[in-house]
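Below are the chains, spelled out letter by letter.
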Amino acid sequence: MDTARITEILTDPVTADLVQRQPIMQIAYAAADGSPRAVPLGYLLREGKFVFFTIPSSDKVAALHHDPRIALTIDVYPPPCCLLVRGTAELREEDGVPGEYLEASFRTMPEDQHAGFEEQVRALYDSMVRIVVTPTWARLNDFQRTAPRAVERLVRAKQG
């Protein structure tokens, strides 16, 4: 998929609203043993790339070093709306607790819990791994303008 089309999808107002409303995305990747894994986590969308964090000993770090291909989805209901992305992950270990990790995490909790959460993770984590996903494919299914491709094909076949 060409980068202009990916950028168009990621900057669509429906995508912006979806990202604003849903602070958790699901990622999917191949584990070290080759089996599929799906994990929910907090994220940020920055300059057309998805950013999230984990601890260096996480199974996903080893798996993504071995095979950096990753898929993610962000969805909300009702009404149904989902963003589907495939891409490549880049990993980099950073000392301490990155501010962006806190920013992503804070999106998932009430403001009065931020200080306690930050104190807890700063005491726990000596370093974290920043994972940046560069999309290579994207699809927005808002069920107004677009639906899953199989449904669109079925509708065309019935109309035609």
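The coordinates are above.
To keep things clear, this report deals only with the structure shown in the data block.

### What to know about helix α2 (residues 13–21)
Here is step 1 of the chain: Listing the buried residues of α2 in full gives T15, L18 and V19. The arc that holds the buried residues of α2, viewed along the axis, is 95°, so those residues lie on one side. In α2, the exposed residues that point more than 90 degrees away from the buried face are P13 and Q20.
Here is step 2 of the chain: At its buried positions, α2 is contacted by α1 (3–10), β3 (44–46), β5 (69–76), β6 (81–95) and β7 (127–141).

### Let's talk about the sheet that holds strand β2 (residues 36–42)
Here is step 1 of the chain: Read from one edge to the other, the open sheet built from seven strands follows the order β2-β1-β5-β6-β7-β4-β3, with strand pairing classed as antiparallel. The outermost strands of the open sheet, each flanked by one partner alone, are β2 and β3. Across this sheet, the average inter-strand angle for adjacent strands is 35°, counted without regard to direction.
Here is step 2 of the chain: Relative to strand β4 (residues 49–54), β3 is paired through three bridges, and the arrangement is antiparallel. Its bridge partner lying in β4, L45 is registered against F50.
Here is step 3 of the chain: Running at roughly 95° to β7, α1 makes contact with β3, β4, β6 and β7 of the sheet.
Here is step 4 of the chain: The strands touched by helix α4 (residues 99–106) are β2, β3, β4 and β7; relative to β3, the strand with the most contacts, the crossing angle is about 125°.

### Some details on unusual backbone geometry
Here is step 1 of the chain: Residue P79 is reached from P78 by a cis peptide bond, and omega for that bond is -20°.
Here is step 2 of the chain: Structurally, P79 can be placed in the loop between β5 and β6.
Here is step 3 of the chain: Despite not being glycine, E47 has its phi angle at roughly 50°, a positive value.
Here is step 4 of the chain: Mapping E47 onto the fold places it in the loop between β3 and β4.
Here is step 5 of the chain: We classify E47 as exposed; its relative accessible area is 83%.
Here is step 6 of the chain: Notably, F143 is not glycine yet its phi reads approximately 60°, a positive angle.
Here is step 7 of the chain: Position of F143 among the secondary structure elements: in the loop between β7 and α6 (149–159).

### As for the pairing of β7
Here is step 1 of the chain: The element β7 is largely enclosed, with a buried count of 13 among its 15 residues.
Here is step 2 of the chain: Relative to β7, β4 is paired through five bridges, and the arrangement is antiparallel. Each residue of the ladder has a partner; that of F50, found in β7, is V133.
Here is step 3 of the chain: As defined by bridge partners, β6 adjoins β7 across 14 bridges and the pair is classed as antiparallel. When the sheet's bridge partners are listed, R86 is paired in β7 with W137.

### Overview of the packing of aromatic side chains
Here is step 1 of the chain: Tallied over the full model, the rule gives five aromatic pairs.
Here is step 2 of the chain: Summarising the aromatic geometry, the rings of Y43 and F50 are spaced 6.3 Å apart at their centres and angled 45° between planes, so their arrangement reads as tilted. Each member of the pair, Y43 as well as F50, is classed as buried.
Here is step 3 of the chain: Members of the aromatic cluster, each reached through a chain of ring pairs, are F53, Y101, F106, F117 and Y125.
Here is step 4 of the chain: Geometry around W137 places R86 over its ring, the cationic atom sitting 3.9 Å from the centre.

The rules behind these values
- Here the residue numbering is sequential within each chain, running from 1 through the sequence in written order.
- Per-residue local features are limited, in this predicted model, to residues with pLDDT of at least 70; the limit for side-chain atom pairs, both in listing and counting, is 80 or more; totals at the level of whole chains, interfaces and linings are taken over all residues.
- As a rule here, side-chain values cover all heavy atoms of the structure and leave hydrogens and water aside.
- The cut-offs for exposure are 20% and 50% of the maximum accessible area for each residue type, with area from a 1.4 Å probe on protein chains only; residues under the lower value are buried, those over the upper are exposed, and the others partly exposed.
- Runs of E in the DSSP output that reach at least two residues are strands. Runs of H or I that reach at least four are helices, and both are numbered from the N terminus.
- Directions pointing from the helix axis toward each C-beta atom define the arc.
- Residues are treated as being in contact if the distance between any of their heavy atoms lies within 4.5 Å.
- Strand pairing requires that DSSP identify at least two bridges connecting the strands.
- Angles run from 0 to 180 degrees between N-to-C directions of axes, and those axes are lines fitted to C-alpha atoms, restricted for helices to the stretch in contact.
- Pairing of aromatic rings covers Phe, Tyr and Trp, the last through its six-membered ring, and needs centres within 6.5 Å; plane angles under 30 degrees mean stacked, over 60 mean edge-to-face, and all others mean tilted.
- We count a charge as sitting over a ring when the NZ of a lysine or the CZ of an arginine lies within 6 Å of the ring centre and within 35 degrees of the ring normal.

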